[in-house]
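Next come the chains, spelled out residue by residue.
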Amino acid sequence: MSTCTIALIILGVTIVLFVTELLPLPVTAVGAAIAMSVFGVIPFSSSFAGFSSDVTLMVIGSMIIGEALFSTGVAAEIGHAIIKMVGTNEKVFIIACVVISAVLSAFLSNTAVVAMMLPVAAATAASSKGAITKKNSFMAIGFAANVGGGLTLVGSTPNVIGQGLLADAGLETMGFFDLTLGGLPRLVVIILFYATIGCALQNKVFNFPEVTDETMLAQANSEGAQKHDPVKMAIASGILILTIIGFISGIWTVGIVAMIAGLLCIITRCISIKELFARIDWTTVWVLAGSLGFASGIAKSGAGQLIADTIIGWFGGSVSLYILMIMFTLLATLMGNFMSSSAAVAILGPIGISMCQTLNFSTKPLMMVIIWSLNLAFLTPIATPPVTMTLQGGYRFLDYTKIGSILLISCLVVSILTYPLVFHL
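All values derive from a computational prediction rather than experimental measurement. Each chain has its residues counted from 1, running along the sequence as written. Note on the predicted model: pLDDT of at least 70 is required for a residue's local features to be given, and 80 or more for side-chain atom pairs to be given and counted; whole-chain, interface and lining totals, by contrast, use all residues. Side-chain descriptors were evaluated using all non-hydrogen atoms of the structure, hydrogens and water having been removed beforehand.

Chemist: Help me understand the overall build of the protein, please; the structure alone is not making it clear to me.
Modeler: Helix and strand labels come from DSSP, where a helix needs a run of H or I of at least four residues and a strand needs a run of E of at least two; each type is numbered from the N terminus. The number of helices and strands found in the protein is 22 helices and zero strands. Computed over its C-alpha atoms, the radius of gyration of the protein comes to 21 Å, within 12% of the 22 Å expected for a compact globule of 425 residues. Viewed in the frame of its principal axes, the protein has a C-alpha envelope of about 65 × 50 × 40 Å. The buried label goes to any residue with under 20% of its type's maximum accessible area, the exposed label to any with over 50%, and the partly exposed label to all in between, with areas taken from a 1.4 Å probe on protein chains only. Going through the 425 residues of the protein one by one, you find that 57% of them count as buried. We call two residues contacting when some pair of their heavy atoms lies within 4.5 Å. Once local pairs closer than 6 in sequence are excluded, the contacts in the protein between residues at least 24 apart make up 81%. A 1.4 Å probe and the Shrake-Rupley method give the accessible areas. Residues count as covered only by the protein chains that appear here. Just so you have it, the protein exposes about 16,700 Å², and 70% of that area is on carbon and sulfur atoms. Think of it this way: Lys and Arg go in the positive column, Asp and Glu in the negative one, and His and the chain ends go nowhere. Charge coordinates come from a single atom per side chain, which is NZ of Lys, CZ of Arg, CG of Asp or CD of Glu. Computed over 16 positive and 17 negative side-chain charges, the inter-centroid distance for the protein is 8 Å. Atoms counted for the radius of gyration: C-alpha only. Globule rule: 2.2 Å times the number of residues to the power 0.38.

Chemist: Teacher, can you tell me more about the nonpolar core here?
Modeler: We define the nonpolar core as a collection of buried residues of types Ala, Val, Leu, Ile, Met, Phe, Trp, Tyr and Cys that are connected through side-chain atoms lying within 4.5 Å of one another. Ranked by size, the top nonpolar core spans 136 residues in total, and within it Phe143, Tyr194, Phe294 and Phe378 carry the most contacts. A per-element tally of this core places helix H19 (residues 341-359) first, with 11 residues. Tyrosine 194 has contacts with Lys91, Ile94, Ile95, Val98, Met139, Ala140, Phe143, Cys199, Gln202, Ile403 and Leu407, leaving out every residue within four places of it along the chain.

Chemist: Hey, could you run me through the side chain of threonine 180 in this one?
Modeler: As for its placement among the helices and strands, threonine 180 is situated in helix H10 (residues 180-195). In contact with threonine 180, other than residues within four places in its own chain, are Leu151 and Thr152.

Chemist: Explain helix H2 (residues 25-38) here, please?
Modeler: An α-helical turn contains 3.6 residues, so any two residues separated by three or four positions project in the same direction. In this analysis, the expected span of each helix is defined as 1.5 Å times one less than the number of residues it contains. Over its 14 residues, H2 extends 20 Å from the first C-alpha to the last, a length consistent with the 20 Å expected when each residue adds 1.5 Å. With 10 of 14 residues buried, H2 lies mostly within the body of the structure. In the segment just after H2, glycine 40 is the residue with positive phi, at about 80 degrees.

Chemist: Help me out: how do you make sense of the environment of serine 105 in this one?
Modeler: Checked against the element boundaries, serine 105 lands in helix H6 (residues 90-107). Residue serine 105 is classed as buried on the basis of its relative accessible area, which comes to 0%. Separated by 157 residues in sequence, serine 105 and glycine 262 have C-alpha atoms that sit 18 Å apart.

Chemist: What is the right way to read the side chain of serine 373 from this model?
Modeler: Tracing the chain through its elements places serine 373 in helix H20 (residues 363-374). From its side chain, serine 373 meets the backbone oxygen of valine 369 in a polar contact 2.8 Å long. Dropping the residues within four chain positions of it, serine 373 is found in contact with Arg186, Thr329, Ala332, Thr333 and Tyr419. Whenever two N or O atoms come within 3.5 Å, that pair is a polar contact, provided that in protein one can donate a hydrogen and the other can accept it, and provided that, for residues adjacent in sequence, both atoms are side-chain atoms.

Chemist: Could you clarify how one ought to interpret the pattern of salt bridges in this entry?
Modeler: Where charged atoms from two side chains of opposite charge approach closely, those side chains can pair. Every case where a carboxyl oxygen of Asp or Glu lies within 4 Å of a side-chain nitrogen of Lys or Arg is listed as a salt bridge. Evaluated as defined, the whole model comprises three salt bridges. Between aspartate 178 and lysine 364 there is a salt bridge, with its nearest N and O atoms 3.0 Å apart. With aspartate 178 in the loop between helix H9 (157-168) and H10 and lysine 364 in helix H20, this pair connects stretches of sequence that are 186 residues apart. For aspartate 178, a relative accessible area of 29% corresponds to the partly exposed category. Lysine 364 sits in the buried class, given a relative accessible area of 14%. Arginine 396 is the salt-bridge partner of aspartate 399, the closest N and O atoms lying 3.0 Å from each other. Residue class for aspartate 399 comes out buried when judged on its relative accessible area of 1%.

Chemist: What exactly am I supposed to notice about the packing of aromatic side chains here?
Modeler: In this description, a pair of aromatic rings is defined by centroid distance and the angle of the planes. Pairing of aromatic rings covers Phe, Tyr and the six-membered ring of Trp, with a centre-to-centre limit of 6.5 Å; geometry is then stacked below 30 degrees between planes, edge-to-face above 60, and tilted otherwise. For the structure on display, the rule yields 15 aromatic pairs. Here the aromatic rings of phenylalanine 51 and tryptophan 286 are separated by 5.3 Å at their centres, their planes lie at 75 degrees, and the arrangement is edge-to-face. Of this pair, phenylalanine 51 sits in the loop between helix H3 (44-47) and helix H4 (54-72) while tryptophan 286 sits in helix H16 (residues 282-301), and the two are 235 residues apart along the sequence. With a relative accessible area of 41%, tryptophan 286 lands in the partly exposed category. Plain terms: the ring middles of tryptophan 372 and phenylalanine 423 are 5.8 Å apart, the flat faces sit at 40 degrees to each other, and that makes the pair tilted. Linking tryptophan 372 in helix H20 with phenylalanine 423 in helix H22 (residues 397-423), this pair joins segments that are 51 residues apart in sequence. Both residues of the pair, tryptophan 372 and phenylalanine 423, belong to the buried class. Here the aromatic cluster, defined as three or more aromatic residues joined through ring pairs, consists of Phe206, Phe208, Tyr395 and Tyr400. Taking the ring centre of phenylalanine 208 as reference, the NZ or CZ of lysine 135 above it sits at 5.2 Å. We call a charge positioned over a ring when the NZ of a Lys or the CZ of an Arg lies within 6 Å of the ring centre and within 35 degrees of the ring normal.

Here it is in structure tokens:
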């Protein structure tokens, strides 16, 4: 049996496991990478190369920074500033949360941003005497963090996996702000939605009682009452600013910049090593590292090329880059709403790379399209952690579909219409 056939079998099994989650996502990702070596598709060194990848190091370092901001109280201060700025006007509060969640998610893990913002919203709801509710704000925060994660290179895991795939293939990689121009229109759509029909629609759909989460409320209240060390807050803020400067300047690789920043957070005791290991999202790290190894097998075996040639054959070999972008937009959006976006980019990325190389197209634009589309997981609460975490608001499964479908269709239309402008097609 050829290595291409073996890789396709592993791909099929991996897709089933990713979609059904019969096994935890990290187990599936790492298991698929190991299977590629066990069955002779790639050497073991390639299977485990993702654990030392610059992209993986960047994710770990960024997580440390995010946790340090939370631990030192910088995150809490952001929440207090929101409350002072908007008071108890729910529509204004939701729009403020959307903007802040999206902007923060552009520079920090969008999962960490949601973890920071939900207690802020819970505390605000508790003190507003019903003027502001968790059920009207939580879902908006999750959606905004998703879109914000697609604004820069480091906002969400699919971004860095896509960057890793481009780098491993020796292709042109994305700059820190390359995703921003195409991501902003989707953020505008979400802001307009909640500024117009969003709040009224939510009041009709969310016809269940407000859920009181005493644990979250206690956490939010204690966060507000706790006195934080202003020196550590200043240090953590300074490290964040220097990290962003390092990312943009390109003085070192993004992985080195992020890891140095993470080490500084620990050395300056902005976060303890015990807190760090307890709170860091190791699932993301393992899924990312395993996915890179798995994707290497798809690419090097020729399986990605075979799939690409088959799809191109359906179009008679005359597909344009714009049509290819629309195809992958719809496919990535569908996959991103029903399975892990990290897994989806690991599957779609190598196929897209092979198709672009066959058709002699630049690969970076297509990878950016895949990333933007995977950050539109609005229909279900199961595909991405930032949205899954909002279930604490008491939502039912179809509540996401009813609200998210309008946002998803609007974002898809805007995205497809703006591709020619963004990429000068």
